[in-house]
Amino acid sequence: MKSFISGLTALLLAVAFSATVKAQTVDSTAADTVKTVTFNVKGITCGNDLPIINKNVKDLKGVASCQAVGKAGPTTAFKIAYNPLLISEKDIIKAVEGSPSCDFPDQKPYKVKGKN
């Protein structure tokens with residue numbers, strides 16, 4: 001009986017350990033996957049629009065960074081680093097286009113018009 005319990009305990013530990021190792025491998029792979037994309041955004045009217053868009057995008061799970069490239073202009077580029085295993089480009093575009101205007105917070109004037 002004692003050897004049966006010892007064998008059962010060893011089997012349970014082996015199964016638990018292998019599941020833990022597998023989970024860590026998946027998490028490590030997900031964390032190491034980063035893709036960078038630059039979106040061209042139209043509808044920006046002033047420099048105060050840039051931090052609003054930056055914050056909305058950075059707050060998304062899976063986005064590592066979001067930075068405006070250059071100064072605010074009619075079309076401004078945003079360089080975004082993200083994990084494609086956690087978030088899609090489509091979701092990032094929704095966040096950009098769903099950002100409120102600094103002048104009229106009830107309006108959503110930004111449109112993504114391509115990427116580099």
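Reading the values: rules and limits
- Residues numbered from 1 in each chain as written.
- Predicted model: local features only at pLDDT ≥ 70, side-chain atom pairs only at ≥ 80, totals over all residues.
- Heavy atoms only, no water.
- Helix = DSSP H or I, 4+ residues; strand = E, 2+ residues; numbered from the N terminus.
- Core = buried A, V, L, I, M, F, W, Y, C linked by side-chain atoms within 4.5 Å.
- Buried < 20%, exposed > 50% of the residue type's maximum accessible area, 1.4 Å probe, protein only.
- Contact = heavy atoms within 4.5 Å.
- Pairing = 2+ DSSP bridges.
- Axes fitted to C-alpha atoms, helices over the stretch in contact; angles between N-to-C directions.
- Lys, Arg positive; Asp, Glu negative; His and termini not counted.
- Salt bridge = Lys/Arg side-chain N within 4 Å of Asp/Glu carboxyl O.
- Polar contact = N/O pair within 3.5 Å; in protein donor to acceptor, adjacent residues only side chain to side chain.

Caption draft 1: Summary view of the environment of Asp103. Relative to the helices and strands, Asp103 is located in the loop between α3 (89-97) and β4 (111-115). Put simply, Asp103 and Asn48 are 55 residues apart on the chain and 8.9 Å apart in space, counted from C-alpha to C-alpha.

Caption draft 2: Just the nonpolar core, in detail. Residues Val41, Ile53, Val57, Phe78, Ile80 and Ile92 are the most contacted members of the largest nonpolar core, which totals 19 residues. Sequence-distant contacts of Val57, that is, excluding residues within four places in its chain, are made with Val63, Cys66, Ile80, Ile92, Ala95 and Val96.

Caption draft 3: The arrangement of the sheet that holds β4 in detail. Spatially, β2-β3-β1-β4 is the arrangement adopted by the four strands of the open sheet, whose pairing is antiparallel. What marks the edges here is a single partner per strand, and that holds for β2 (63-69) and β4. Neighbour to neighbour, the strand axes of the sheet diverge by 30° on average, direction disregarded. The sheet strands contacting helix α2 (residues 49-58) are β1 (35-42), β2 and β3 (75-82), and the helix crosses β2 at an angle near 165°.

Caption draft 4: Local environment of the side chain of Asp49. With respect to the helices and strands, Asp49 occurs in helix α2. For Asp49, which is buried and forms no salt bridge, the nearest opposite charge comes from Lys108, at a distance of 12 Å. One polar contact links the side chain of Asp49 to the main-chain amide nitrogen of Thr45, over a distance of 2.8 Å. Those residues in contact with Asp49, other than ones at most four positions away along the chain, are Gly43, Ile44, Ser101, Cys102 and Tyr110.

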